[in-house]
Number of protein chains: 2
Amino acid sequence: MADLYLALLHHPVLDKNGLVVTTAVTNMDIHDIARSARTYGVRAFYVATPVRALQVLAAKIMEHWQTGYGSTYNTTRKDALSLVRLERDLDGIILAMERETGMRPRLVATSARSGPNRTTFAGLRSQLEASPDPYLIVLGTGWGLAPEVTERADVMLEPLRGPSDYNHLSVRSAAAVILDRLRGAGYEGRSSNKSTPAR
Amino acid sequence: MADLYLALLHHPVLDKNGLVVTTAVTNMDIHDIARSARTYGVRAFYVATPVRALQVLAAKIMEHWQTGYGSTYNTTRKDALSLVRLERDLDGIILAMERETGMRPRLVATSARSGPNRTTFAGLRSQLEASPDPYLIVLGTGWGLAPEVTERADVMLEPLRGPSDYNHLSVRSAAAVILDRLRGAGYEGRSSNKSTPAR
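Residues numbered from 1 in each chain as written. Chains lettered and ligands numbered in written order. Predicted model: local features only at pLDDT ≥ 70, side-chain atom pairs only at ≥ 80, totals over all residues. Heavy atoms only, no water.

## Observations concerning the layout of surface pockets
Residues and elements named next belong to chain A. Convention followed: Here the term cavity refers to a set of points on a 1 Å grid, laid over the protein atoms alone, in which a 1.4 Å probe fits but cannot get out; the term pocket refers to an open set having protein on both sides within 12 Å along at least five of seven lines, with lining residues being those that place an atom within 4 Å of a point. Grid points are joined across faces, edges and corners, and a volume is the space filled by probe spheres set on the points. Each helix is a run of H or I in the DSSP string that is no shorter than four residues. Each strand is a run of E no shorter than two, and both are numbered from the N terminus. Gly falls in the polar group here, along with every residue not listed as nonpolar (Ala, Val, Leu, Ile, Met, Phe, Trp, Tyr, Cys, Pro) or charged (Asp, Glu, Lys, Arg).
In this structure, the largest pocket occupies an estimated 620 Å³ of space. Ranked by the residues each element gives to the lining of the largest pocket, the list is headed by helix H1 (residues 27-39), at five residues. Looking at the lining of the largest pocket residue by residue, the class counts come to eight nonpolar, 11 polar and seven charged. Roughly 500 Å³ of internal volume is contained in the second largest pocket.

This is the structure in structure tokens:
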């Protein structure tokens, strides 16, 4: 079973007009996605921004919950945020993963748009079960990943869909659903009777 | 197929010590959960708070996106927020649904805790397919719904689980995953080739 890693890129991503921009780092993105990553067994959650001031902001958020007041106020939050790593960009993430695992990750790009050569969730689950390589799921902020990222991907994942044509989920919600589809227990309708800690 | 409705309660919910409290209404909760509700075909998303000042705040957020600057800046956000209704509490929601649908909804309580008599997601999907009644999925803020709410539920849904014992998802993430498990397309591994609007 392949190890799963997650990346949230703030550059290069698209704005609503399709231009390549850099978005701001959002406190809630880091918290929500770290908690989802921890719940679904992700090995590390990389937050990438090229903006030095936003790297400092992200580091402060993490420090508050790792060693500051938050670490004793809410220990489950500390557990989740211990998965977060700060990097400058996708290349920095890949280098960090190579240093950590000794292997180059397979890149999985995500998009809310349909298009050619999309891999289904069932298809990706099969790949994960058979592969010894680590897999990096790459999420974009703003209006999604720029083509220069998706063009590098080994896997282009199909968009999430409900019963309608509307699929404008927040990146926080999309991250949770993608991880649940790949690693959720009870996903096939199995019932779990293990005891569970409180939320 | 039963119509799905969603409720987010800010009272009565538990705090980290198990006491019944009222939590603050959060802008991000309304936005994220409204977008998930719209994506997964929910008929209405009820936000309940007994605090008058927070009802006014929530109404202002909605007005900004419905008729204010936000309605032209981001039309997909307007679509999502058109599903939001403000109510005082669970009884207010049930009354509103009875007025709207002519039927009393079946109540589905959610919890991150396991316990007796939990209904699996597969079990709830079967109920939804067979039932003519509307179903109201009830989510709690803070550390989850107080017993006085869960005791009234017709269905107590099993907790979301990944591969570990940690399941501290945000209520925003939990809402998205619950809706995806109940109404997601491609959930059984089916591939979709319909065209999709941009996120």
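We are not done yet, so read on.
## Here we look at the environment of B:Val177
What counts here: Under the scheme applied here, a residue whose accessible area is under 20% of the maximum for its type counts as buried, over 50% as exposed, and between as partly exposed, the area being computed with a 1.4 Å probe on protein chains only. We call two residues in contact whenever any of their non-hydrogen atoms come within 4.5 Å of each other.
Summarising the element assignment, B:Val177 is placed in helix H8 (residues 171-183). Judged by its relative accessible area of 0%, B:Val177 is buried. Residues B:Val177 and B:Ser36, spaced 141 residues apart in sequence, show a C-alpha to C-alpha distance of 9.1 Å. Contact partners of B:Val177, with chain neighbours within four places excluded, come to A:Tyr40, A:Ala176, A:Val177, A:Asp180 and B:Leu160.

## Details of the interface of chain B and chain A
Applied cut-off: The rule for a salt bridge is simple: a side-chain nitrogen of Lys or Arg has to be within 4 Å of a carboxyl oxygen of Asp or Glu. Polar contact criterion, stated in full: a pair of N or O atoms within 3.5 Å, where within protein one must be able to donate a hydrogen and the other to accept it, and residues adjacent in sequence count only if both atoms are side-chain atoms.
At the interface, 60 residues of chain B touch 60 residues of chain A. The tally of links from chain B across to chain A stands at four salt bridges. A salt bridge links B:Asp32 to A:Arg172; the shortest N-O distance between them is 2.7 Å. The interface formed by chain B and chain A includes 18 residue pairs in polar contact (both at pLDDT 80 or more). Broken down by secondary-structure element, the contributors of at least two residues to the side of chain B that touches chain A are helix H1 (27-39), helix H4 (75-81) and H8 of chain B.

## Some words on the sheet that holds strand S7 (residues 118-119) of chain A
Residues and elements named next belong to chain A. Cut-off, in case you're wondering: Following DSSP output, two strands are said to pair if at least two bridges run between them. To define axes, lines are fitted to C-alpha atoms, for helices over the stretch in contact only, and angles between the resulting N-to-C directions are given on a 0 to 180 degree scale.
Pairing in this open sheet of seven strands is parallel, and the strands run S5-S4-S1-S8-S6-S9-S7 from one edge to the other. The sheet is open, and its two borders are formed by strand S5 (84-87) and S7, each paired with just one other strand. Two strands pair when backbone bridges link them, and strand S6 (residues 106-109) and strand S9 (residues 155-157) are joined in this way by two bridges, in the parallel orientation. Of the residues in S9, the one forming a bridge with Ala-109 is Met-156. Where helix H8 (residues 171-183) meets the sheet, its contacts fall on strand S1 (4-9), strand S8 (135-140) and S9, and the angle it forms with S8 comes to roughly 155°.

## Topic: the relation of the copies chain B and chain A
Turning one copy of the chain about an axis and sliding it along that axis gives the other copy, so a rotation and a shift relate them. Which entries qualify depends on this criterion: Superposition of the copies used a least-squares fit over C-alpha atoms from residues whose pLDDT is at least 70 in both.
Expressed as a screw transformation, the operator carrying chain B onto chain A has a rotation angle of 180° and an axial translation of 0.0 Å, and the superposed copies differ by an RMSD of 0.0 Å. Here the symmetry operator amounts to a two-fold rotation axis. When you check the interface residues of chain B against chain A, 100% turn up at the interface there too, and the contact is symmetric in its surfaces.

## Examining unusual backbone geometry
All names here are of chain A. Pro-12 follows His-11 through a cis peptide bond whose omega is -10°. As for its position among the elements, Pro-12 is in the loop between S1 and strand S2 (13-14). Its identity as a non-glycine residue notwithstanding, Asn-117 has a phi of 60°, on the positive side. Here Asn-117 is to be found in the loop between S6 and S7. The exposed category is assigned to Asn-117, whose relative accessible area is 72%.

## Some words on the pairing of S1(A)
Here S1(A) lies mainly inside the structure; six of its six residues are buried. A two-sided burial pattern is seen for S1(A), the buried positions comprising A:Leu4, A:Leu6 and A:Leu8 on one face and A:Tyr5, A:Ala7 and A:Leu9 on the other.

## Here's the deal with the pairing of strand S6 (residues 106-109) of chain B
Inspection of the sheet shows S6(B) paired to strand S8 (residues 135-140) of chain B by four bridges, in the parallel sense. The partner of B:Ala109 across the bridge, within S8(B), is B:Val138.

## A short note on the nonpolar core
As a reminder, the rule being used: By convention a nonpolar core is built from buried Ala, Val, Leu, Ile, Met, Phe, Trp, Tyr and Cys residues, the set being connected through side-chain atoms within 4.5 Å.
Residues A:Leu6, A:Phe45, A:Leu124, B:Leu6, B:Phe45 and B:Leu124 are the most contacted members of the largest nonpolar core, which totals 84 residues. Not counting the four nearest positions on each side in its chain, A:Leu6 is found in contact with A:Ile33, A:Ala37, A:Val42, A:Ala44, A:Phe45, A:Tyr46, A:Leu136, A:Ile137, A:Leu139 and A:Leu179.

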